Amino acid sequence: MKFPNELKYTESDEWVRVEADSATLGVTDFAQDQLSDVVYFEVVVQVGDKLSKGDAVGILESVKAAADLYSPVSGEVTEINDALPDNPELVNSDPYGMAWMLRIQMSDPAELEQMMDAGAYQQNTEERSG
Amino acid sequence: MNRVEPNVYELSTPGRPSHRFPDLDVPFAELPDKMLRDHLELPELSELEVTRHFVRLSQLNFGIDTAFYPLGSCTMKYNPKVNEDAARLPGFAHTHPLQDTKVLQGNLALMYTLQEWLAEIGGFAGVSLQPAAGAHGELTGILILRAYHQDRGDPDRKKILVPDSAHGTNPATTTMSGLSVIELPSDKRGNVDLEALRTECDDTVAGLMLTNPNTLGLFEEHVEEVIKLVHDCGGLVYGDGANMNALLGVIRPGDLGFDVLHYNLHKTFSTPHGGGGPGSGPLGVSEALLDYLPGPIVDTVEPGDDDLPPLYGLVMPKKTIGRVKAFHGHFGMHVRAFTYIRSYGKSGMRDIADHAVLNANYLLAALRDTYHVPFDRTCMHEFVLEGRFEKAPGVHALDVSKRLMDWGFHPPTNYFPLIVQEALMIEPTETESKATLDAFIEAMKSIAQEAEDHPEQLQTAPHTTAFGRLDEVQAAKELVLCCRPAELSTAET
Amino acid sequence: MTYIPHTEAERSQMLAAIGVKSLDALYADLPADVRFPDLALPEAASEMEVMEDLQLLAEANLHVRQASCFLGAGAYNHYVPSVVDHILRRNEFYTAYTPYQPEVSQGTLQVIFEFQSLITFLTGMEVANASHYDGATSLAEAAILSLNHHRGKRTKIVLSAGIHPQYREVLRTYLQGQPLAIVGDGSLADDPASHIDENTSMVAVQYPDFFGNILDLEALGRAARDYGALLCVVANPIALGLLKPPSEFGADIVVGEGQPLGIPLSFGGPYIGFFATREEYVRNMAGRLVGETVDSRGQRGYVMTLTPREQHIRRGRATSNICTNQGLMALAVTAYLSTVGRAGLKQVAELCYHKAHYTAQAIDQLDGYELWNRDPFFHEFVVRCSRPVAEINEALLDHDIIGGYDLGQVYPELGEHMLIAVTELNYKEEIDDFVEVLNEQG
């Protein structure tokens, strides 16, 4: 199980990569492992949409589970990974790379402070799989 | 051996003579071309081809009449054959739902009596037979709770409390009714956590949905206190009657303070499960909620006397939430449940519960040393084991289930309730003999031993069935939901 | 009568194995003050006695095989070939449950897959699910699909007054907890198209409508498309054996009552709601779906698929709370359509059409009656009478004829109007008798 140090994490298993004011969003290795084979991914927002922190942005499904994705930050959607809906298995094979989901121009980067770092998130997942 | 059965489109041959209806005995009427369809993709088979096709398909199925079917929470008891004959009596099977009720007094008398019997068994003031299934009964019940609060000028009660061990239908129903779900944790003995409940009980609570016995097969030890807490804050208590088989003649939910409860005629009252329905989910309510029932319900419109039976009619309750279904519910299922209750009678009700509980506890006693029991106390009609093994970490509950097929048994319910890891939920029902239970115990123990000695035997099971494990990932990714055009064109040439 | 197999000796052995002395001891967790109630139920009875009771109740009814039936209004008296019930009585089908374990449920799964295929081709749509409780609840579920499709941003449902009144009632019951406007069916003069706007989630019509009319839905389909509202068509499946499928009018969802396809009247249930739509809406669809796949040995097989939409996984966020479907009724429909086939369904539809028109013409010529329909109709039509329909129906019953539906009960503007259904089961002689009694009662 990977927990890259440079990322920020949420309790609902999203990760965020920050470059200046831009946040790239995806789901974690732990999440894909819990879901097992991902067979479906859908983004429910469009480029240009203004998001508030906590808004639903996507849906992931495996054969036995479904997960809704929430944005941990507020801002405007600038880019969506168009390749993902046709290749949802990327979420299993490369959750932190090819399976990035969308990019957001953050309006309040201070929100990042409420997210976990890699160590805290790893501990969180260990408690949950108890 | 390949057991793949062609589908009806593959079996079709253009021009095959099939079923014939009588010739037209009136003149042709004009039939404007522009209204007509130009093609209709339906198969063409002889009656023998149809018969063999479905008989072969049936042989790929497993039913209660095949062997033991301990599917937890589904009450797979024997479906008496007389029920089937009763529902097919022409006087029942060939009556139209909108005929004049004066010429349908037999149907109405049966429904009225069944309403009364169910009310008596559950301890309620009245019953509607309209809901078509358990989940449909839930929707009806929660809409009644909502209407009750609205009618009392208390529309801000939007919270429905649902224990984390509940069936998925409970939260889904709540959302569908426009209310919001608050999940309650379970305590260490599998009961609703009283502290958590106390915290949530305020003037925004519309009600609590409670399955009792719960989905762990355990009777809520503090049920009266739970109900009192909800009532004291102005909420109502909805009972999910999925597990009513354990309570027949033992305790009446109405006497415990439940305000609403749905019955599953296809679980408790032996109507067949039909490969996934039709079910039937009548709803019982307390006096205060009678006027909100969906209608119409059957009532006496003229009392009877020594010579004449009463005249029954269809009546709409005064503040009804409305219809939840066209016509009068699953009448064919009402006939079967009526037949069942009439057969067992007064003393038989408790016999059913007693033996359902006896069988479950007998299995639990025999298996608790082999499988981990997460909440181990006297169970009701079912119990939950964990299908995981310390010495065989790669074996899962699903593997145990699949291996049971090789022993000729239907697997238990898997992965439910969600609060137990690797759950195996086992419900034997009262109609199984000790000999059958002993054979099942032997299978479960052998499988546990095999999990340690030859885990691959479980992981690749089943081995003796016509089909091996199916690829669910491919099904979900490729989504073939209909016979494919390629097959059609073959069928057409 | 009992179906419990235990002997006294077995019971004792089992109690000993559990470690309790009596059955009562198993209920120690239950509140003692309300335990073991004395139920006011009849005493147990033998199968022989029970059947005698039921026979008496059944005989207290007048059934459609003892009379001529001209009553439809959503439940239709059709002939069911014998083979259909023989298939339904296969124990492996009717005593199974939902096919959670596909290795031992391929029979049920393939039947459902075939049912989905037959409904898909009959309606002309792209995908059909494994059924709803009835036509009424499938219409309600269509509305919910449309609301989910628009992500709750549209709050208006338009219904035609020509949809079965009970279906509209059920839809309203289902959606009473949602902040919606449900409009368009205030009176028969209302035109559903005029209500469609950018806030409209779904517009629904019936085809043929409740009065039997075969309306051209082309314009309504266009209007719905212009505003991005979903068009839902409630269709009669027998009529689809002959008429253009709703897909040709741009329907997004086709629902309806499957009872005419091999299911007895049974006083209104169990029946089956069918539900077909476009592939793009499949994830918003409620209910079970079966998909094709392969097993570990490379054999073609079937499984329930897209289950994350459903309540047992999504719980509070599921597309619907539906769990049990109408499995056995789906088998009846599949067996019926396989038996009558392409030619048979068309023949039934034609018999219905021609017999209904013969009947309508004959009644239209009587004094005191007038055919109300101006559009082409299928196997049901309305006649204006000059007396209350209830009175005419009383007189018809004296001749063992079950008359039509009294429309004044639900449509105030249609007092003294009777809705008459004619099927392949109505021979010319009984139609002539019906017309003659109507003539006497005119």
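Everything quoted here is computed from the prediction, not taken from an experiment.

Student: Talk me through the overall build of chain A; I want residue IDs and the actual numbers.
Tutor: Looking only at helices and strands, chain A has 3 helices and 9 strands in total. Taken from N to C terminus, the helices and strands of chain A fall in the order β-β-β-α-β-β-β-β-β-α-β-α. The C-alpha radius of gyration of chain A comes to 14 Å, within 12% of the 14 Å expected for a compact globule of 130 residues. Along the first, second and third principal axes, the C-alpha set of chain A runs to 35 × 35 × 20 Å. Residues counted as buried form 39% of the 130 residues belonging to chain A. Counted over contacts in chain A with a minimum sequence separation of 6, partners at least 24 positions apart contribute 64%.

Student: For the overall build of chain C, give the residues involved together with the corresponding values.
Tutor: In terms of regular secondary structure, chain C is built from 12 helices and 15 strands. Overall, chain C is about 80 × 55 × 50 Å in size when its C-alpha atoms are taken along their principal axes. The buried share of chain C, reckoned over its 442 residues, is 62%. Long-range pairs, those at least 24 residues apart, make up 72% of the contacts in chain C between residues at least 6 apart in sequence.

Student: Explain the pairing of strand β9 (residues 102-106) of chain A to me, using residue names and the numbers behind them.
Tutor: Residues and elements named next belong to chain A. With respect to burial, β9 is a largely interior element, 4 of its 5 residues being buried. With 4 bridges connecting them, strand β3 (residues 22-27) and β9 associate as antiparallel partners. Bridge assignment links Leu 25 to a residue of β9, and that residue is Leu 102. When strand β8 (residues 75-80) meets β9, the two strands line up antiparallel, connected through 5 bridges.

Student: Can you lay out the nonpolar core for me, pointing to particular residues and giving the numbers?
Tutor: Counting 330 residues, the largest nonpolar core has Val260(B), Leu139(C), Ala204(C), Cys232(C), Val233(C) and Ala332(C) as the members making the most contacts within it. Counting contributing residues per domain, this core is built from domain 1 (68-73 + 341-441) and domain 2 (82-335) of chain C, each supplying no fewer than three. Ignoring sequence-local partners within four residues, the contact set of Cys232(C) consists of Leu139(C), Ala142(C), Met202(C), Ala204(C), Asp252(C), Ile253(C) and Val255(C).

Student: Let's hear about the interface of chain C and chain B: which residues, and what values?
Tutor: Across the boundary between the two partners, chain C contributes 169 residues, which contact 171 residues of chain B. Here the side of chain C that touches chain B gets 23 residues from one element, more than from any other, and that element is helix α10 (residues 327-364) of chain C. For the side of chain C that touches chain B, a count of residues per class yields 86 nonpolar, 54 polar and 29 charged.

Student: Please set out the domain arrangement of chain C residue by residue, giving values where relevant.
Tutor: All names here are of chain C. If you check the domain split of chain C, you get domain 1 (68-73 + 341-441) and domain 2 (82-335). Once you take the C-alpha centre of each, domain 1 and domain 2 turn out to be 28 Å apart. Taken together, the 20 residues of domain 1 in the interface contact 14 residues of domain 2. Looking at the side of domain 1 that touches domain 2, the elements that each hand over two or more residues are α10 and β12 (380-384). Among the elements that take part in the side of domain 1 that touches domain 2, α10 stands out by supplying 7 residues, more than any other.

Student: Explain the sheet that holds strand β5 (residues 50-51) of chain A to me, and be specific about the residues and the numbers.
Tutor: A sheet is described by the order of its strands in space; here 6 strands give the open sequence β1-β2-β3-β9-β8-β5 (chain A), paired in antiparallel fashion. The open sheet has two edge strands with one neighbour each: β1 (8-9) and β5 of chain A.

Student: Lay out helix α11 (residues 389-398) of chain C with the relevant residues and their values.
Tutor: Residue and element names in this part refer to chain C. Among all positions in α11, only Val 389, Ile 392, Asn 393 and Leu 396 are buried. Projected down its long axis, α11 shows its buried positions confined to an angular sector of 100 degrees, all on one face. Residues of α11 that are buried sit in contact with β13 (401-402), β14 (405-406), β15 (417-421) and α12 (428-441). Of the residues flanking the end of α11, it is Asp 400, one or two places downstream, whose phi is positive at about 55 degrees.

Student: Mind laying out helix α5 (residues 105-122) of chain B, listing which residues take part and the relevant values?
Tutor: In a regular helix each residue adds 1.5 Å, so 18 residues correspond to 26 Å; α5(B) covers 25 Å between its end C-alpha atoms and thus fits that length. Residue Gly123(B) follows α5(B) closely and has a positive phi angle near 75 degrees.

Student: Help me get a handle on unusual backbone geometry, residues and values and all.
Tutor: Tyr207(C) connects to Pro208(C) through a cis peptide bond whose omega is -15 degrees. Relative to the helices and strands, Pro208(C) is located in the loop between β5 (200-207) and α8 (218-227). For the peptide bond that leads from Gly269(C) to Pro270(C), omega is 5 degrees, which places it in the cis range. Structurally, the position occupied by Pro270(C) is in the loop between β7 (253-257) and β8 (273-277). The backbone of Thr429(B) shows a phi angle near 70 degrees, a positive value even though the residue is not glycine. Considering the arrangement of structural elements, one finds Thr429(B) in the loop between β12 (423-426) and α13 (434-453). Positive phi outside glycine occurs at Phe36(C), with the angle close to 55 degrees.

Student: Any chance you could break down the pairing of strand β2 (residues 14-19) of chain A for me, citing the residues and the numbers?
Tutor: All names here are of chain A. Sheet analysis places β1 next to β2, joined by 2 bridges and oriented antiparallel. Its bridge partner being in β2, Tyr 9 is matched across the sheet by Trp 15. The hairpin formed by β1 and β2 contains 4 residues between the paired strands, and Asp 13 there has a positive phi angle of roughly 70 degrees. The sheet contact formed by β2 and β3 spans 6 bridges and is antiparallel. Bridge pairing in β3 places Trp 15 opposite Gly 26. Hairpin connection, β2 to β3: the antiparallel pair is bridged by 2 residues, and Ala 20 has positive phi, about 55 degrees.

Student: How would you summarise the sheet that holds strand β10 (residues 383-386) of chain B if you had to cite specific residues and measurements?
Tutor: All names here are of chain B. Ordered by their spatial adjacency, 3 strands build an open sheet running β10-β12-β11, and the pairing between neighbours is antiparallel. What marks the edges here is a single partner per strand, and that holds for β10 and β11 (413-414). Pairing geometry for β11 and β12, over 2 bridges, is antiparallel. Among the inter-strand pairings, Asn 414 is bridged to a residue of β12, identified as Leu 424.

Student: Quick rundown of the packing of helix α5 (residues 106-123) of chain C against α10(C)? Include the residues and the values.
Tutor: Residues and elements named next belong to chain C. With their axes 9 Å apart at the nearest point, α5 and α10 run at an angle of 60 degrees to one another. The orientation of α5 with respect to α10, classified from their angle, is oblique. Our pair here, α5 against α10, has a crossing hand that is left-handed. Packed against α5, whose contacting residues are Thr 108, Val 111, Ile 112, Glu 114, Phe 115 and Leu 118, the element α10 presents Gly 327, Ala 330, Leu 331, Val 333, Thr 334 and Leu 337 at the interface.

Student: Go over the packing of α5(B) against helix α11 (residues 331-367) of chain B, please, and point to the residues and values.
Tutor: Residues and elements named next belong to chain B. With their axes 10 Å apart at the nearest point, α5 and α11 run at an angle of 50 degrees to one another. On the basis of their axis angle, the class for α5 and α11 is oblique. Considering how the two elements wind past one another, α5 and α11 form a crossing that is left-handed. The segment α5 lies against α11, with Asn 107, Leu 110, Met 111, Thr 113, Leu 114, Trp 117 and Ile 121 engaging Phe 331, His 334, Val 335, Ala 337, Phe 338, Ile 341 and Met 349.

Student: Can you lay out the environment of Asp364(C) for me, pointing to particular residues and giving the numbers?
Tutor: Residue and element names in this part refer to chain C. Its location among the elements puts Asp 364 in helix α10. When the C-alpha atoms of Asp 364 and Val 383 are compared, they prove to be 7.6 Å apart, with 19 residues separating the residues in sequence. Residues within four places of Asp 364 in sequence aside, it is in contact with Tyr 369, Glu 370 and Leu 371.

Student: Report on the environment of Val205(B), specifying residues and quantitative values.
Tutor: Residue and element names in this part refer to chain B. Mapped onto the fold, Val 205 is located in strand β4 (residues 205-211). Considering only alpha carbons, one finds Val 205 and Leu 114, 91 residues apart in sequence, at a separation of 33 Å. If near-sequence neighbours (up to four positions away) are discounted, Val 205 is found in contact with Arg 157, Lys 159, Leu 161, Glu 200, Val 230, Cys 233, Gly 234 and Gly 235.

The rules behind each value
Position numbers for residues start from 1 in each chain and track the written sequence from start to end. Ligands are numbered from 1 and chains lettered from A, in the order in which they are written. In keeping with the predicted nature of the model, local features appear solely for residues at pLDDT of at least 70, side-chain atom pairs appear and are counted solely at 80 or more, and the whole-chain, interface and lining totals rest on all residues. Put simply, DSSP H or I for four residues or longer makes a helix, DSSP E for two residues or longer makes a strand, and each gets a number counted from the N terminus. Each radius of gyration is computed over the set of C-alpha atoms, and the globule rule expresses the reference value as 2.2 Å times the number of residues to the power 0.38. Each residue is classed by its C-beta neighbour count within 10 Å, where at least 20 other C-beta atoms makes it buried, 12 or fewer makes it exposed, and intermediate counts make it partly exposed; the C-beta atoms are placed from backbone geometry. For the purpose of contact definition, each residue receives a C-beta atom placed from its backbone, and two residues are in contact when these atoms lie within 7 Å. Strands were regarded as paired on the criterion that DSSP finds at least two bridges between them. The term nonpolar core refers to a set of buried Ala, Val, Leu, Ile, Met, Phe, Trp, Tyr and Cys residues connected through C-beta atoms within 7 Å. Where each domain begins and ends is defined by an automated method or by a domain database. Nonpolar residues are Ala, Val, Leu, Ile, Met, Phe, Trp, Tyr, Cys and Pro. Charged residues are Asp, Glu, Lys and Arg, and all others, Gly as well, are polar. This arc corresponds to the set of directions leading from the helix axis out to the C-beta atoms. Each helix should span, by expectation, one fewer than its residue count multiplied by 1.5 Å. Helix axes are fitted only over the stretch in contact, all axes being lines through C-alpha atoms; the angle between N-to-C directions runs from 0 to 180 degrees. The labels follow the angle: roughly parallel below 35 degrees, roughly antiparallel above 145, roughly perpendicular from 65 to 115, and oblique for the rest. Handedness of a helix crossing follows the sense of rotation of the near helix relative to the far helix, less than a right angle counterclockwise being left-handed and clockwise being right-handed.

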